[in-house]
Amino acid sequence: MTESKTDRIVASRLKVRERFLKQVRDTPGMADSTPQGSGPINRHGMPQLPPQQKASKKWPVLDLGEHPDVTRDSWQLQVDGCCSDPLTLDFAALMALPQTEDTSDFHCVTGWSKLDLTWVGVRFSELAERVGMTDEARFILCHGYDGYTTNLPLEEALKDDVLLAHTVEGDPLSKEHGGPVRLITPQLWAWKGSKWLKRIEFLREDVLGFWEERGYSNTAHPWRNDRYGDDGPPEGAEVLPED
């Protein structure tokens, strides 16, 4: 009997899930037995606020100073690298994929956290399953339209709350916050989620992104206060904004 496209998608999805499920569960954002922080326990078992964080009613805008002129009509995403079926999506194709609504917190390394943001988007895991990432894939490198890059191990990227987000609080994601589409990584510092997402590469080896090359932590676990390398904040790092 000829295998259908649906059969291939289901088989790929189950393979990805089996391969990374234990690694996902063992990440610090879900399994750390001695997390730092304060406040009520969140849905992953961590304190609501990581250490040295303040809950902010504002949502400060931090980026490299360039807001690329990309709209829902012009946006495209290339997904390639260690995968059998690389693809390019426009915004209509993204919207045709299964959509997820999720409420999560947004933790910025500069010392503020925006709590209970409701996002709508496509789970990164949905894309990983569709492109058929190969067995040697271990990491991703995300590229923004502004030239920004950031890297993630697959056990972090495949979490259910990692979204290619296009809507927040019921409104289209604004340009200053990375619209039309950005990645969000609620269990890591927010710099790990690229704004104005343009390309996702599946990689065999880890490749440092923009801030990681400049002294920011490569692992970026908020509840371990895992912000910078041994030398402290790199020159030019943002400081805690006042509410």
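On a predicted model such as this, the values are computed, not experimentally measured, just so you know.

A. Spotlight on the nonpolar core. By size, the foremost hydrophobic cluster in this structure holds 34 residues, and its most contacted members are Phe 124, Ile 140, Leu 154, Leu 164, Ile 200 and Phe 202. Counting only elements with at least two residues in this core, the list comes to helix H1 (5-25), strand S4 (76-81), helix H3 (91-96), helix H4 (124-131), strand S8 (139-144), helix H5 (154-157) and strand S13 (197-203). It is H4 that contributes the most residues to this core, 4 residues altogether. If we ignore the near neighbours within four places in the chain, the residues touching Ile 200 are Leu 77, Gln 78, Val 79, Asp 80, Phe 124, Leu 127, Ile 140, Leu 141, Cys 142 and Leu 164. Core analysis: the next-biggest nonpolar cluster, separate from the first, contains 12 residues, Phe 106, Leu 117, Ala 165 and Val 168 among them.

B. Here's a closer look at the sheet that holds S4. Taken together, 5 strands build an open sheet; the order of strands is S5-S4-S13-S8-S9 and the sheet is mixed. Both outer strands of the open sheet, strand S5 (87-90) and strand S9 (149-153), are each paired with one neighbouring strand and no more. Across this sheet, the average inter-strand angle for adjacent strands is 15 degrees, counted without regard to direction. Here S8 pairs with S9 via 5 bridges, running antiparallel. By the bridge assignment for S9, Ile 140 is matched with Leu 152. Packing of H4 onto the sheet brings it into contact with S4, S5, S8 and S13, and relative to S13 it is tilted by some 60 degrees.

C. Broad picture of the environment of Gln 23. When you line up the elements, Gln 23 lands in helix H1. Accessibility expressed as a relative area gives 37% for Gln 23, which makes it partly exposed. Linking Gln 23 and Glu 156, residues 133 residues apart in sequence, is a C-alpha distance of 8.7 Å.

D. Geometry of the environment of Arg 72. Structurally, Arg 72 can be placed in the loop between strand S3 (54-55) and S4. Judged by relative accessible area, Arg 72 falls into the partly exposed class, the value being 31%. Setting aside anything within four residues of it in sequence, one finds Arg 72 in contact with Phe 91, His 166, Thr 167, Pro 172 and Pro 180. A polar side-chain atom of Arg 72 sits 3.2 Å from the main-chain carbonyl oxygen of His 166.

E. Region of interest: the packing of aromatic side chains. Summed over the entire model, instances satisfying the criterion amount to 11 aromatic pairs. A ring pair is formed by Trp 75 and Phe 91, whose centres lie 6.3 Å apart and whose planes are at 80 degrees; its orientation type is edge-to-face. Pair noted here: Trp 75 is in the loop between S3 and S4 and Phe 91 is in helix H3, with a separation of 16 residues, a long-range link. Aromatic rings pair up to connect Tyr 148, Trp 191, Phe 210, Trp 211, Tyr 216 and Tyr 228 into one cluster. The ring of Tyr 145 has Lys 198 sitting right over it, with the charged end atom 5.3 Å from the ring centre. The ring of Phe 210 is capped by Arg 214, whose NZ or CZ atom sits 3.7 Å from the centre of that ring.

Thresholds, definitions, all that
- Residues numbered from 1 in each chain as written.
- Predicted model: local features only at pLDDT ≥ 70, side-chain atom pairs only at ≥ 80, totals over all residues.
- Heavy atoms only, no water.
- Core = buried A, V, L, I, M, F, W, Y, C linked by side-chain atoms within 4.5 Å.
- Buried < 20%, exposed > 50% of the residue type's maximum accessible area, 1.4 Å probe, protein only.
- Helix = DSSP H or I, 4+ residues; strand = E, 2+ residues; numbered from the N terminus.
- Contact = heavy atoms within 4.5 Å.
- Pairing = 2+ DSSP bridges.
- Axes fitted to C-alpha atoms, helices over the stretch in contact; angles between N-to-C directions.
- Polar contact = N/O pair within 3.5 Å; in protein donor to acceptor, adjacent residues only side chain to side chain.
- Phe/Tyr/Trp six-rings, centres within 6.5 Å; stacked < 30°, edge-to-face > 60°.
- Lys NZ or Arg CZ within 6 Å of the ring centre and 35° of its normal.

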